[in-house]
Amino acid sequence: MSAESEVPRRGQGRSAEVLPALRTDPSPVKKWVHWSLWAMPGVLAVVYVVVSVRLHQRMLTSGYDLGIFEQMVRSYAHGDLPVVELKGPGYNELGDHFSPIVATLAPFYRLWPSPYVLLLAQAVLMAAAVVPLSRWALEALGPVAALIVGLGYGLSWGIASAVGFDFHEVAFAVPLVSFSLCALGQGRPLAAALWALPLLLVKEDLGLTVAVIGLLIVWRGRRRLGLATAVVGVVGTLLEVLVIIPAFNPTGRYPYLNYVSEGSGGFASLVYRSTVGLVAAPDPKPVTLVLLMAPTAFMALRSPLVWAAAPTLLWRFSSNNSLYWETRFQYSAVVMPIVFAALIDGLVHKPVDQRLLRHTLIVVAAVTALLLPPFPLLQAVQPSAWHTPARVAAARQILARIPDGATVAASNLLVPQLTGRTSVTEFGMPGSRPDPEWIIVDTTAPRTFPVGSEQQAQLIDEAIAQGYRTEARVGEYLLLRRPLRSKAARPSSPQAHQADRSRASGAPAGPPVAMPSPNKAPISPPISWGSVPTGTNSGSWKIAARSASG
């Protein structure tokens, strides 16, 4: 008998022998649980939509990253390469990350050019990942276990963090990994390989995840299929990192290699980060690792399927960007279906008695409940999420003054409100397109990425000195407009500068100042954010700019 034939299929085998109580629930309970399982993907999708859409409606989404991905999809929808103006004039996103699968959203965006298309797609994709997990748990462990496992994944902190932070290409990876590992656990290695291969189109590092899935297929007895899958995964990642992305990148190289380079500590620092530093305190890495396994009561460690998380955790924890180590943002989303598939696999292929199984499911449910409050999904039922602040109405009033098709430099949280109808860049971002027709900034935002409040005020003064005039000020929002091209070279008077600065700051204009001689008035060059303001380290700008989108 081959090794593959010994693998229980469709949830049958050893698990059925140790779980009779869970498979013989009272009829009313069993029917309710079955209905809950059918409804679960839809309910989760609605929760994800509510959280992400309300964040956008309250203007809490950002240019980095929702604006970036909308510009990508918008370019694809018009038949172009994925140009992202937020990263520079004419910047091709294929030179930063290889994520052509995002183009599948282009037809929907063409019909409805809105960031909501991306947010809705992300909600549906991440909710779809619960289907194979809950179905496998139902067949192998019974309805109660399936309900707990499904909710454990659907409400997990890794998914919540991704849903609560804009849109990302990893939304495509989550269901692909889920279907692949569930197929492998159920003894369908060919289906596992076919579900895994499209990960190569999601992001360049996921080819290594494909390779690990190939090795797991070898472990389960299909040597040729597994080795072929592993080779395709490794070769795919190498081609994307060493050939495709450098071909589109302005520097001719993969831009994230420096994240795992020697860094400020030299070679010794690199060795430390790649070994002991992967789990060493006081970094947040040990906390992240514990939180990744805790939702499965650490039972995921019983299954070899958990090794599929190794490539993602390796590149994150060996990086010199500390944001990759944390529980925030989207970085842990792809790990969630892995650990829950490993949980089911560990319970199916390594027998446990009913008492231990019940205790495991109780811990899974308890940890899921305990980790809900610190993460974004609970916002769906919080009154604050349904209250729209007055500042949002003020922002919409001033944004309405900007015509469609205009070039705009905007504050980070205002960018996603404009990406669908203008050519928008981040105000203050080095390398952005110079001389935008409009500048709109939030002058009191607590988060002023990519510049601090003092630097932002300095850039506003510089823009006014270049001839930009205050078009409107509503609340904390300031709208500046560039003068007509024919007058751009003509310097504005000091009186006008002073009046505009006063309107920009909300203060009354002061007394007029003496006019200098026209022949001595300097003609300033076009305003550009290409130079880093005084006191700002250019390297930190690059890390900050890419930390969210990386």
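Residues numbered from 1 in each chain as written. Predicted model: local features only at pLDDT ≥ 70, side-chain atom pairs only at ≥ 80, totals over all residues. Heavy atoms only, no water.

### Notes on the overall build of the chain
Scanning the chain from N- to C-terminus turns up 21 helices and 5 strands. For the chain, the proportion of its 550 residues judged to be buried stands at 55%. Residue pairs at least 24 apart in sequence account for 74% of intrachain contacts in the chain once pairs closer than 6 positions are excluded. (Helix = DSSP H or I, 4+ residues; strand = E, 2+ residues; numbered from the N terminus. Buried < 20%, exposed > 50% of the residue type's maximum accessible area, 1.4 Å probe, protein only. Contact = heavy atoms within 4.5 Å.)

### Topic: the sheet that holds strand 3 (residues 438-442)
The mixed open sheet is built from 5 strands, whose spatial order is 2-1-3-5-4. Every interior strand has two partners, whereas the edge strands, strand 2 (423-426) and strand 4 (469-474), have only one. Strand-to-strand twist of the sheet, defined as the mean angle between neighbouring strand axes without regard to direction, takes the value 20°. (Pairing = 2+ DSSP bridges. Axes fitted to C-alpha atoms, helices over the stretch in contact; angles between N-to-C directions.)

### A short note on the packing of aromatic side chains
To describe a pair of aromatic rings, one takes the distance between the centres and the angle between the planes. As enumerated under the stated definition, the model contains 10 aromatic pairs in all. With a centroid separation of 4.9 Å and 55° between ring planes, the pair formed by Phe-165 and Phe-329 is classed as tilted. You can see Phe-165 sitting in the loop between helix 8 (157-163) and helix 9 (170-185) and its partner Phe-329 sitting in the loop between helix 15 (310-317) and helix 16 (335-349), a full 164 residues away along the chain. Side by side, Phe-165 and Phe-329 carry an identical accessibility label, which is buried. Look at Phe-179 and Trp-195: their rings are 4.4 Å apart centre to centre, the planes differ by 20°, and that puts the pair in the stacked class. Taken together, the residues Phe-179 in helix 9 and Trp-195 in helix 10 (residues 189-196) connect sequence positions 16 residues apart. Classification of Phe-179 as partly exposed rests on a relative accessible area of 23%. Among the residues examined, Trp-195 registers a relative accessible area of 35% and is labelled partly exposed. By way of ring pairs, the aromatic residues Phe-165, Trp-315, Tyr-324, Phe-329 and Tyr-331 are connected into one cluster. The ring of Trp-38 is capped by Arg-135, whose NZ or CZ atom sits 4.9 Å from the centre of that ring. Sitting over the ring of Trp-325, Lys-285 keeps its end group 4.3 Å from the ring centre. (Phe/Tyr/Trp six-rings, centres within 6.5 Å; stacked < 30°, edge-to-face > 60°. Lys NZ or Arg CZ within 6 Å of the ring centre and 35° of its normal.)

### Description of the environment of Gly-467
Among the secondary structure elements, Gly-467 is positioned in the loop between helix 19 (453-465) and strand 4. Along the backbone, Gly-467 and Leu-480 are 13 residues apart, and their C-alpha atoms lie at a distance of 9.7 Å.

### Describing the packing of helix 5 (residues 115-128) against helix 6 (residues 130-141)
It is the contact of helix 5 with helix 6, at a shortest axis distance of 5 Å, that shows an interaxial angle of 20°. In terms of orientation, helix 5 lies roughly parallel with respect to helix 6. Mapping the contact onto sequence places Met-126, Ala-127 and Ala-128 in helix 5 and Val-130, Val-131 and Pro-132 in helix 6. (Parallel < 35°, antiparallel > 145°, perpendicular 65-115°, else oblique.)

### Some remarks on the confidence of the model for the chain
Mean pLDDT over the chain: 83, with 77% of residues reaching 70 or higher. Throughout residues 1-22 the model reports pLDDT below 50, and contacts reaching past four residues in sequence, or to other chains, amount to 51 contacts. In this model, residues 528-549 is a region of pLDDT below 50 whose contacts with residues beyond four sequence positions or in other chains number 58 contacts. (pLDDT = per-residue confidence, 0-100.)

### Brief notes about the side chain of Ser-318
Structurally, Ser-318 is set in the loop between helix 15 and helix 16. When its relative accessible area of 9% is taken as the criterion, Ser-318 is described as buried. Reaching out from Ser-318, the side chain makes a polar contact with the backbone oxygen of Leu-314 at a distance of 2.7 Å. (Polar contact = N/O pair within 3.5 Å; in protein donor to acceptor, adjacent residues only side chain to side chain.)

### Looking at the side chain of Thr-368
Assignment of secondary structure puts Thr-368 in helix 17 (residues 354-370). Within the local environment of Thr-368, its side chain forms a polar contact with the backbone oxygen of Val-364, the two atoms lying 2.8 Å apart. For Thr-368, the contacting residues outside a window of four places in its chain are Leu-151, Gly-152 and Leu-155.

### Concerning unusual backbone geometry
Excluding glycine, residues mostly carry a negative phi; peptide bonds, for their part, are mostly trans. The backbone of Met-59 sits at a positive phi, close to 60°, despite the residue not being glycine. Tracing the backbone shows Met-59 in the loop between helix 2 (27-57) and helix 3 (63-77).

### What to know about a nonpolar patch on the surface
A cluster of nonpolar side chains, namely Leu-208, Val-231, Val-234, Val-235, Leu-238, Leu-239, Leu-242 and Val-243, defines an oily patch on the protein surface of about 670 Å² accessible area. Per-element tally for the nonpolar patch: the top contributor is helix 12 (residues 223-248), with 7 residues. Positionally, Val-231 belongs in helix 12. (Patch = residues over 30% accessible without salt bridge, like charges linked within 9 Å, V, L, I, M, F, W, Y side chains within 5 Å. Areas by Shrake-Rupley, 256 points an atom, 1.4 Å probe, with all protein chains shown as cover. Salt bridge = Lys/Arg side-chain N within 4 Å of Asp/Glu carboxyl O.)

### Things to note about helix 18 (residues 390-399)
Of all the residues in helix 18, the buried ones are Val-392, Ala-394, Ala-395, Ile-398 and Leu-399. One side of helix 18 carries all its buried residues, which in axial view fall inside an arc of 160°. Opposite the packed face of helix 18, turned more than 90 degrees from it, sit the exposed residues Ala-390 and Ala-393. (Arc of directions from axis to C-beta.)

### Some thoughts on the pattern of salt bridges
All told, the structure shown has 6 salt bridges when counted by the stated rule. When the shortest N-O distance is used, the salt bridge between Glu-85 and Arg-433 registers 2.9 Å. Of this pair, Glu-85 sits in the loop between helix 3 and helix 4 (106-111) while Arg-433 sits in the loop between strand 2 and strand 3, and the two are 348 residues apart along the sequence. The exposure class assigned to Arg-433 is partly exposed, which follows from its relative accessible area of 31%. Among the ionic pairs, Glu-326 bridges to Arg-328, the shortest N-O distance being 2.6 Å.

### A short note on the nonpolar core
Ranked by size, the top nonpolar core spans 146 residues in total, and within it Met-126, Tyr-153 and Ile-440 carry the most contacts. Apart from residues no more than four positions distant in its own chain, Tyr-153 is found in contact with Met-126, Ala-129, Val-130, Leu-133, Ile-159, Val-174, Met-336, Pro-337 and Phe-340. Among the nonpolar cores identified, the runner-up in size contains 12 residues, and Ala-409, Val-441, Ala-463 and Leu-480 belong to it. (Core = buried A, V, L, I, M, F, W, Y, C linked by side-chain atoms within 4.5 Å.)

### Observations concerning the pairing of strand 5 (residues 477-481)
Within strand 5, 4 of the 5 residues are buried, leaving the element largely enclosed by the surrounding structure. Examined bridge by bridge, strand 3 and strand 5 share 5 bridges and lie antiparallel to one another. Across the sheet, Ile-439 pairs through a bridge with Leu-480, a residue of strand 5. Pairing between strand 4 and strand 5: 5 bridges, direction antiparallel.

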